Amino acid sequence: MLAVFAGIVAALGCLPAHALAPDKAFHQYVRDTWSIEEGLPQISVTALVQGPDGYIWAGTQAGVARFDGVRFTSYDPRSSPDMPGMFIQALFVDSQDRIWTGTYKGAAVFRDGGFHGVDDGFGREIDVFQFAETMHGELLLASDQGLMRLAGDAFKQLAGDPGDPLRSVFTHDDRIFAGGYGVIHVLRDGEWRAIPLDGALDSALVNDFAHYDGRIWAATTRGLLYLDEDEAWQRFEVPGRLEDLVIETLHVDRDGNFWLGAAGQLLRIQGRELVESISDETAYAHGSVLAIAEDHEGNLWLGSRWDGLARLWNGWVFRYDKPEGLHNSLVWSVARDEQGSVWTGTMDGLAVMRNGRFEQLVAGSEQPHPHAYTLLPEKERVWVGTRTGLYWWNREQARVEKPPAFGVLDSAQVNGIIPRDGEYWLATTEGVWRWDGEAMHRMAPSGDLGGRDVRLLYETRDGELLAGTRRGLLYWHHGRFLQMRGVAEGRDVTAIQEMSDGRMVVGTLDEKLYVGRDGTWQEFDEDDGLPVNSPFALGEADGRLWVAGIRGIYELELDSIQRYIDGEIDALPGRMVLHERGDVPGAQKGYCCNGAGNAKGFMHDGEFWLPTRGGIVHLVPERIHRNPEPPLVHVDRVRVMRQWRSIEPGESFDLAADHRDLAFGFAVMSYQDPTSVQLEYRLEGFRNEWQRLDEPMQRQAIYTNLPAGRFTLQVRASNNAGVWIEEPAALSFRIQPYVWETVWFQTLMLFIVLFLIWLGFNYRLRQLQRHRRELEATVAERTEELRVANEHLRDYSARLETASMTDPLTRLWNRRYLQSQLPADLAHFHRELSKPQFSGSVMAFAIVDIDLFKEFNDRYGHDVGDEVLQQFAQLLQDLVRTGDYVVRWGGEEFLIVFRPMPAEEVPRVATRIIEAIGTHEFVIDSGRILRLTASMGLAEYPPFRDTPSALDWHQTVTLADKALLYVKQEGRDGWCRIKPTPWVEPVTLAGRLDLPLTELIEAEEVSVERG
């Protein structure tokens, strides 16, 4: 099976980079979606186009939405009064870079910041379905009135043009195609010819046209047609697939994919073959596609009848999961056999992938433990290590076998299996074992090195046996394991790899890499330029080291390690390729990777295969083609006197003298990964240094108390591959001066002063001295005024910063304050943990939620609800200590971060707060007294005291949130504390936090305390 993939890659290796590789299945593309929750005005996207300025324009049933990758701007008859209708049926960009929209009431063109209607010259409503443009630049539209052409400032019907209702119009070379009801009109050599559609097609609507593979194609409500060499329309038939299918739209992308948006499915044709059909019923479908477009980066955009807007791009990896038949998405181990099959250990048994499809061979219930944690495939059998024991899968007889001698490992987690000198060595939680073909032999007593907590085994090319354990790297010498000095001493070793040049690479759970040769080792981590990641699997290909771990996959040029050691470069050029959270610039978001041990990934023919909680990831380095297109940047809006207004390209403006506080909004059109865009800006005439935007997704710059003068705001940006635009976007403006800031006023003042000085010299010496003292007093007064003004400015800036970190309703701190302050407090707490007085102390995260608050709001109204939220916030502040944080977390949820306290105090504090809330009297403005109850979810920090950094505070809050949900489900008005069980591994719990609490409890990975 791997040979099949290798052949595909080799066949495409000499081709240019693909935006959407034709050999990838639809679900393999990276997909992001937007709907009304993100600002789309309505869920049905009926038309799509990228404008000349780079924006994506989406037509909906509630107007047109302009999208810059982050923010939607809506245009409808309310914002553009001259827009004829809000139900959009067509969008089009003509050769003059004008954006046209067609509605059920007429056509409109975008200019001066809004849409303006263009009618037939008589004010009649036109139902517009599609636009096209001839090779001579003449604009056409298909409507219920027939074919119309733009003449001056109106659409006209010319004699001889089709007058029957039309749904589509298309031009190719010198021909015009117009589709209607059961007929297609063709204009060629100046003459129209109506071609009726025969038989079952006589009532079909012709919705769209396309030119593909040397032919003209037509989408109808009764299937797909093409124009043959005899100028006759023929059905494109795929038995049982396309007959009578309602096809809404057609699109040919730059990679030769011919896309058909149809009722109930999306189809893809390559050449003359239907290669893929994506049903709306599949989990990864974008339902009922009505519109398709492609942007300047090659991303494919889909508009859905009910799923909003979607964007697809190639991504770096193949992912094999449920669509390929995998029975369980959480994969613990992968290994390749000599025939190229990929053996897969999941959370629920054993599977094998052959020719791109999975087959489950062993159910989890048939194994000693459901988790197939490590694998070793051989010709006649497959070794499978689970969390409680070991078995064989007999490949010839297709059955599970477990020799009695395997029973000694029934209480051990088997982490790795390797062949060595005709025998088999096993890494387990109960140390290293050896199978000689008849019996298991323990290779080290439980109290010795190698006697417990062994994660993996590795044999070098020289035959040296290495063991990665939770307390360092060991080597086998004269019948016993010894500590490898100078490398990962006392650390949890999770990966080992020997490079082609003989260097050894060792990875540890605390996100470090060790590189060594001949006993000399170098340690590298984040401070040296490595991405933050705990290595679980290592691979080498084309002079690069590939590191896969729980946070994702990164690459590192092997030559750069020595250059860094020699001081030739300032940092190691580690570069993330795949990242779990997707918040690392330039990295694709995606699940990766699981577990530490053997069979946690393999490199074959330069391609990396890895287990994840989203199936198997298959990384082909040769196919990583980073985005070469620089972003398109505009300064598209400005806020003056708290009011935003749009700015057109090339616009400049003057501001009154009292308009000194301004905010500017940017649009950066780089759609492949907007979260990885980097932004810099500067205001020439005020501050000429480039400033990095701290929050690129906000895309705003704020200036306060600007002086009078002429300014130019410049903005530059890079895409997700770090490609910067060559010329920054610019906006020029002028702030008028106050009278006393004008040149003539200052000149007049200068003449007056000189005149007074001249008069002074004519007075007696005593008067001159007195005038001098008065002038000095004036200077002192102005200096004091300047000092006071500066103090006011500093006070204003401080209040502005406080306001940005404060919830406006409750006056509590918000998430931004917590994210800026909490890391420092946690770092201090980590240092204090080693002190005896803190031996039993924990910090606690508590999420408090007002019970049934939605029903309360529905009954009393939101004004009363806001008043109660304010009282509730004050009550919480009164119930906690001075140094504890009370944060408005969202809606009726509040987050309390308790300073260190004895762990046994946590339940008592929770009980006290819940009881105090239940007895508190909330008084609304009418004088009425109300009583409320609340629920609280608790999690202690750190969850794992021995490894405080194993789970960060975000993940601790996730545990508290699960505890809150548990309280809600159990009847509310109480508290619940979740704690990891003593036997759960931190890395396991971290990888399973998205699972329901019940599954974590059943797996005995967490315990629950209720009060």
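Scoring rules and cut-offs
Residues numbered from 1 in each chain as written. Predicted model: local features only at pLDDT ≥ 70, side-chain atom pairs only at ≥ 80, totals over all residues. Heavy atoms only, no water. Helix = DSSP H or I, 4+ residues; strand = E, 2+ residues; numbered from the N terminus. Buried < 20%, exposed > 50% of the residue type's maximum accessible area, 1.4 Å probe, protein only. Contact = heavy atoms within 4.5 Å. Lys, Arg positive; Asp, Glu negative; His and termini not counted. Charge placed at Lys NZ, Arg CZ, Asp CG, Glu CD. Pairing = 2+ DSSP bridges. Axes fitted to C-alpha atoms, helices over the stretch in contact; angles between N-to-C directions. UniProt positions renumbered as here; feature names shortened; annotations may be inferred. Core = buried A, V, L, I, M, F, W, Y, C linked by side-chain atoms within 4.5 Å. Patch = residues over 30% accessible without salt bridge, like charges linked within 9 Å, V, L, I, M, F, W, Y side chains within 5 Å. Areas by Shrake-Rupley, 256 points an atom, 1.4 Å probe, with all protein chains shown as cover. Salt bridge = Lys/Arg side-chain N within 4 Å of Asp/Glu carboxyl O. Phe/Tyr/Trp six-rings, centres within 6.5 Å; stacked < 30°, edge-to-face > 60°. Parallel < 35°, antiparallel > 145°, perpendicular 65-115°, else oblique. Nonpolar A, V, L, I, M, F, W, Y, C, P; charged D, E, K, R; others polar. Domains from an automatic or database assignment. pLDDT = per-residue confidence, 0-100. Expected span 1.5 Å × (residues − 1). Bend = angle between axes of the 7 residues up to and from the residue. Polar contact = N/O pair within 3.5 Å; in protein donor to acceptor, adjacent residues only side chain to side chain.

With that out of the way, let us pick up the overall build of the protein. Looking only at helices and strands, one finds 11 helices and 74 strands in the protein. The C-alpha extent of the protein, read off along each of the three principal axes, is 110 × 100 × 70 Å. Classification of the 1011 residues of the protein by burial places 53% in the buried group. Within the protein, contacts between residues at least 6 apart in sequence are counted, and of these 54% link residues at least 24 apart. Charged side chains in the protein number 102 positive and 150 negative. The centres of these two groups are separated by 6 Å.

Attention shifts here to the sheet that holds strand 62 (residues 678–684). Each strand in a sheet pairs with another by means of backbone hydrogen bonds, the pair being arranged parallel or else antiparallel. Overall, mixed pairing links the 5 strands, which are arranged 60-66-65-62-63 in an open sheet. Bordering the open sheet on either side are strand 60 (653–655) and strand 63 (687–692), each of which pairs with just one other strand. Neighbouring strand axes in the sheet, compared pairwise and without regard to direction, differ in orientation by 20° on average. Strand direction decides the pairing type here: strand 62 and strand 63, joined by 3 bridges, are antiparallel. Within the sheet, the bridge partner assigned to Tyr681 lies in strand 63 and is Gln691.

On to the pairing of strand 32 (residues 349–354). The buried count for strand 32 comes to 5 of 6 residues, which makes it a mostly enclosed element. Counting the residues between successive antiparallel strands, the hairpin from strand 31 (residues 342–346) to strand 32 contains 2 residues. The pairing of strand 32 with strand 33 (residues 357–363) spans 6 bridges and is antiparallel. In the strand pairing of strand 33, Ala351 is matched with Gln360. Connecting strand 32 to the antiparallel partner strand 33 that follows it, the hairpin turn spans 2 residues, and Asn355 within it adopts a positive phi of roughly 50°.

Time to look at the UniProt feature "transmembrane region" (unreviewed entry) in the protein. The UniProt feature table records "transmembrane region" (unreviewed entry) at residues 743–763. Along residues 743–763 one finds 95% helix and 0% strand; the C-alpha atoms at either end are 30 Å apart.

On to the nonpolar core, then. The biggest cluster of nonpolar side chains holds 38 residues, and the ones touching the most others in it are Phe872, Phe898, Ile913, Ile917 and Met936. Sorting the residues of this core by element identifies strand 67 (841–850), helix 6 (853–860), helix 7 (862–879), strand 69 (893–902), helix 8 (905–919) and strand 72 (934–941) as the ones contributing at least two each. Sort the elements by how many residues they give to this core and helix 7 lands first, with 8 residues. When residues no more than four places from it in sequence are discounted, the contact partners of Ile913 are Leu876, Leu879, Val880, Ile896, Phe898 and Met936. The next biggest cluster of nonpolar side chains, apart from the first, holds 37 residues, and it includes Phe829, Leu895, Leu1000 and Val1006.

A surface patch of nonpolar side chains, amounting to about 970 Å² of accessible area, comprises Val739, Trp740, Trp744, Leu748, Met749, Ile752, Phe755, Leu756 and Trp758. Of note, Leu756 is situated in helix 3 (residues 743–762).

Working definition: an aromatic ring pair is given by the centre-to-centre distance plus the angle between the planes. Taken as a whole, this structure holds 59 aromatic pairs when the rule is applied. An aromatic cluster is built from Phe653, Phe664, Phe666, Tyr681, Phe686, Tyr703, Phe711 and Phe733, whose rings are joined through pairwise contacts.

It is worth spelling out the environment of Ala62 at this point. With respect to the helices and strands, the residue Ala62 is situated in the loop between strand 3 (56–60) and strand 4 (63–67). Residue classification places Ala62 among the buried residues on the basis of a relative accessible area of 15%. For the pair formed by Ala62 and Leu40, sequence separation is 22 residues and the distance between their alpha carbons is 9.3 Å. Not counting chain neighbours up to four residues away, the residues in contact with Ala62 comprise Pro41, Gln42, Asp76 and Met86.

The next thing to look at is the pattern of salt bridges. Summed over all chains, the structure comprises 63 salt bridges. Notably, a salt bridge pairs Asp244 with Arg222, separated by 2.9 Å at the nearest N-O pair. Of this pair, Asp244 sits in the loop between strand 21 (233–235) and strand 22 (247–252) while Arg222 sits in the loop between strand 19 (215–220) and strand 20 (223–227), placing them 22 residues apart in sequence. The partly exposed category is assigned to Arg222, whose relative accessible area is 23%.

The subject of this paragraph is the sheet that holds strand 13 (residues 154–156). Reading across the sheet, the 4 strands line up as 10-11-12-13 and stay open at both edges, with antiparallel pairing between neighbours. The sheet terminates laterally at strand 10 (128–133) and strand 13, the two strands that pair on one side only. Along the sheet, successive strands turn relative to each other by an average axial angle of 35°, direction set aside. Examined bridge by bridge, strand 11 (residues 139–143) and strand 12 (residues 146–151) share 4 bridges and lie antiparallel to one another. If you follow Leu140 over to strand 12, its bridge partner there is Arg149.

The next subject is the packing of helix 6 against helix 7. Between helix 6 and helix 7, the least distance of the axes is 7 Å, while the angle of their chain directions is 130°. Put simply, helix 6 runs oblique to helix 7. Across the interface between the two elements, Phe853, Phe856, Asn857 and Tyr860 from helix 6 touch His862, Val864, Gly865, Val868 and Leu869 from helix 7. For the contact of helix 6 with helix 7, the class distribution of residues is 6 nonpolar, 3 polar and no charged.

Mapped onto the present numbering, the UniProt feature "domain: GGDEF" (unreviewed entry) falls on residues 841–980. With 41% helix and 32% strand, residues 841–980 has its two end C-alpha atoms placed 16 Å apart.

Time to look at the domain arrangement of the protein. On domain assignment, one finds that the protein holds domain 1 (499–624), domain 2 (632–737), domain 3 (742–787) and domain 4 (815–1010). Using C-alpha coordinates to define each centre, domain 2 is positioned 42 Å away from domain 3.

Together, Asp173, Asp174, Asp189 and Glu191 make up a region of like negative charge exposed at the surface. Along the chain, Glu191 turns up in strand 17 (residues 191–196). Judged by relative accessible area, which is 60%, Glu191 ranks as exposed.

Let us look at the pairing of strand 65 (residues 709–718). For strand 65, a buried count of 7 out of 10 residues is recorded, marking the element as mostly surrounded by other parts of the structure. By the bridge criterion, 7 bridges tie strand 62 to strand 65 in an arrangement that is antiparallel. Each residue of the ladder has a partner; that of Leu679, found in strand 65, is Ala717. As paired elements, strand 65 and strand 66 (residues 729–735) share 7 bridges and run antiparallel to each other. Each residue of the ladder has a partner; that of Thr712, found in strand 66, is Ser732.

This next bit is on the confidence of the model for the protein. Per-residue pLDDT for the protein has a mean of 91; in total, 96% of the residues score no lower than 70. This stretch, residues 1–17, has a pLDDT under 50; its non-local contacts, to residues over four places away or in other chains, come to 30 contacts.

The next point concerns helix 5 (residues 815–832). Look at helix 5: 25 Å from first C-alpha to last across 18 residues, which is about the 26 Å you get at 1.5 Å a residue. The largest bend along helix 5 measures about 35° and falls at Gln821, with the proline Pro823 one to four residues further on. Of all the residues in helix 5, the buried ones are Tyr817, Leu818, Leu822, Leu826, Phe829 and Glu832. Looking at the packing, one finds that the buried side of helix 5 touches strand 67, strand 68 (885–890), strand 69, strand 72 and helix 9 (953–969). The N-terminus of helix 5 is capped by Asn814, whose side-chain oxygen sits 3.1 Å from the backbone nitrogen of Arg816.

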